[in-house]
Amino acid sequence: MIEAITSEENREYPVKKISGSDFSFTSLIKKKSKVNVSSCLQCFTCTVGCPFSDLMDIMPNQAIRSIQIGEKKSLLESSTIWLCVGCNSCAAECPMGIDMPSVMSALREVAIQEKVKTIPQDIYTFHKSFLNSVKRYGRAYKIGIMLSYKLNTLDLFSDGKTGLQMLIKRKLNILPSKVKNIRKFKKLFR
Ligand code: SF4
Ligand code: SF4
């Protein structure tokens, strides 16, 4: 436990240059995510608990700060918004109840709308494949998501062994199944 705290203290977090304030961006993200980012205390708990922060170029607490100060460009161009998997670890520990997955989702939506050039295409393709599956079936049809991703990226042969093992262990359903009231569900995507 002590070792973990010591290594966290010694860790270097990236420092980003601020390119300019756009407070309409702040309002937009607040509106889309329905999260009051102004209440963030910058306590750092989200960043410490995030399993992917080592890979991110802007830490989760910095992402919230960027929104507060209208720092739009670097945030929308960051890898962070695409690396967040919405695991909710940060939100569960946040003293202010900031719903980080909703914030990240709103940021991705705006990045797509604004055709940000640095969107990692493989992650974006997976994102689309996943959402299409949820829209169509009301749940994640894993084989369909994998096939769609593979065909769109032409990365046909990697992960084959893992896929086969999952099939053997019956972790994958061959055929999709829909939730009962799929029409109602589809309204969420309008
Ligand atoms: S845990 Fe919550 S309050 Fe603390 S920095 Fe993260 S978002 Fe802000
Ligand atoms: S929801 Fe995103 S930012 Fe929060 S802990 Fe999970 S991956 Fe990290």
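Just so it is clear, the model here is predicted, and its values are computed rather than measured.

> I'd like a rundown of the nonpolar core, residues and numbers included.
Counting 27 residues, the largest nonpolar core has Ile 29, Val 37, Ile 64, Ile 98, Val 103 and Leu 107 as its most contacted members. Counting only elements with at least two residues in this core, the list comes to α2 (23-33), α4 (60-68), α5 (72-76), α6 (80-83) and α8 (100-113). Of all the elements, α8 adds the most residues to this core, at 6 residues.

> Give me the site of ligand 1: which residues, what numbers.
Of all residues adjacent to ligand 1, which total 13 residues, the nearest are Cys 40, Cys 43, Thr 45, Cys 46 and Cys 94. Broken down by secondary-structure element, the contributors of at least two residues to the shell around ligand 1 are α3 (45-49) and α4. Of the residues in the shell around ligand 1, the class split is 10 nonpolar, 3 polar and no charged.

> Please provide a residue-by-residue account of the site of ligand 2, values included.
Around ligand 2, the surrounding shell holds 15 residues, and the nearest of these are Cys 50, Cys 84, Cys 87, Ser 89 and Cys 90. Within the residue set of the shell around ligand 2, elements represented by two or more residues are α3, α7 (89-93) and α8. Per element, the largest residue contribution to the shell around ligand 2 is 3 residues, and it comes from α8. Taken together, the residues of the shell around ligand 2 break down into 11 nonpolar, 4 polar and no charged.

Parameters and conventions
- Residues numbered from 1 in each chain as written.
- Chains lettered and ligands numbered in written order.
- Predicted model: local features only at pLDDT ≥ 70, side-chain atom pairs only at ≥ 80, totals over all residues.
- Core = buried A, V, L, I, M, F, W, Y, C linked by C-beta atoms within 7 Å.
- Buried ≥ 20, exposed ≤ 12 C-beta atoms within 10 Å, placed from the backbone.
- Helix = DSSP H or I, 4+ residues; strand = E, 2+ residues; numbered from the N terminus.
- Near = placed C-beta within 6 Å.
- Nonpolar A, V, L, I, M, F, W, Y, C, P; charged D, E, K, R; others polar.

Geometric values such as these leave the question of function open.
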